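# Structural overview for review
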Amino acid sequence: MRDIAKEVYTKMKVGSVAWVKPVAAKGDTIESFQGALDNAKLLEEEGLIDVQKVTRQADGLIDAIRILRLA
């Protein structure tokens, strides 16, 4: 499984905000994307990012995560 949150984090500049979303071209699905929040929370615990918002579909599955790069 790809660590989408880490991939987005490495492309960001300190202080910038980004939405982490599944990329169909890279084989991501909404179902496979559910672990991205866990990965983002690990980065948050390390003080690297702040998880600002999590959006969910009507069925409760996560479809996007907004993060702020802190370090």
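Refer to the preceding data block for the structure.
Now for a look at the structure at hand. In this text, all values refer to a predicted model and were calculated from it rather than measured experimentally. (Residues numbered from 1 in each chain as written. Predicted model: local features only at pLDDT ≥ 70, side-chain atom pairs only at ≥ 80, totals over all residues. Heavy atoms only, no water.)

### Considering the pairing of strand 2 (residues 49-56)
Spelled out, the test is: Strand pairing requires that DSSP identify at least two bridges connecting the strands. For the purposes of this entry, the term helix denotes a DSSP run of H or I that reaches at least four residues, the term strand denotes a run of E that reaches at least two, and both are numbered from the N terminus.
Note that strand 2 and strand 3 (residues 62-69) share seven bridges and pair antiparallel. Looking at the pairing, T55 lines up with A64 of strand 3. Taking the residues that link successive antiparallel strands as the turn, the strand 2-strand 3 hairpin has five residues, and the phi of G60 there is positive, at about 95°.

### A look at the sheet that holds strand 1 (residues 17-20)
Stated formally: Geometry is summarised by axes, namely lines fitted to C-alpha atoms with helices restricted to the contacting stretch, and by angles between N-to-C directions that run from 0 to 180 degrees. Two residues qualify as a contact provided that any one of their heavy atoms is within 4.5 Å of a heavy atom in the partner residue.
Taken in spatial order, the three strands make up an open sheet running 1-3-2, and their pairing is antiparallel. Looking at the sheet topology across the chains shown, the edges are occupied by strand 1 and strand 2. This sheet shows a mean twist of 20° between the axes of neighbouring strands, independent of strand direction. Where strand 1 meets strand 3, four bridges bridge the pair, whose relative direction is antiparallel. By the bridge assignment for strand 3, V17 is matched with L68. Against the sheet, helix 1 (residues 4-11) makes contact with strand 1, strand 2 and strand 3, and its axis sits at roughly 155° relative to strand 1, the strand it touches most. Sitting on the sheet, helix 3 (residues 36-45) is in contact with strand 2 and strand 3, with an inclination near 160° to strand 2.

### Brief notes about the nonpolar core
Threshold: By convention a nonpolar core is built from buried Ala, Val, Leu, Ile, Met, Phe, Trp, Tyr and Cys residues, the set being connected through side-chain atoms within 4.5 Å. Categorising residues by exposure relies on relative accessible area from a 1.4 Å probe, with only protein chains included: less than 20% of the type maximum marks a residue as buried, more than 50% marks it as exposed, and the intermediate range marks it as partly exposed.
V8, V20, F33, I49, V51, I65 and I67 are the most contacted members of the largest nonpolar core, which totals 18 residues. Sorting the residues of this core by element identifies helix 1, strand 1, helix 3, strand 2 and strand 3 as the ones contributing at least two each. Once you skip the residues sitting within four places of it in the chain, V8 turns out to touch A18, V20 and I67.

### Topic: helix 3
How we decide: Note that the arc is computed from the directions linking the helix axis to the C-beta atoms.
Every buried residue belonging to helix 3 is among A36, L37, N39, A40 and L43, and all of these are buried. Along the axis of helix 3, the buried residues cluster in a sector spanning 160°; they form a single face. Exposed positions of helix 3 whose direction lies more than 90 degrees from the buried face are D38 and E45. Once helix 3 ends, the next one or two residues include G47, with phi positive near 80°.

### A closer look at the pattern of salt bridges
Cut-off, in case you're wondering: Counted as salt bridges are all cases of a side-chain nitrogen of Lys or Arg within 4 Å of a carboxyl oxygen of Asp or Glu.
According to the stated counting rule, one finds one salt bridge in the structure shown. Between K26 and E7 there is a salt bridge; the shortest N-O distance is 3.9 Å. Of this pair, K26 sits in the loop between strand 1 and helix 2 (30-33) while E7 sits in helix 1; the two residues are 19 residues apart in sequence, bridging distant segments of the chain. Residue E7 is classed as partly exposed on the basis of its relative accessible area of 28%.

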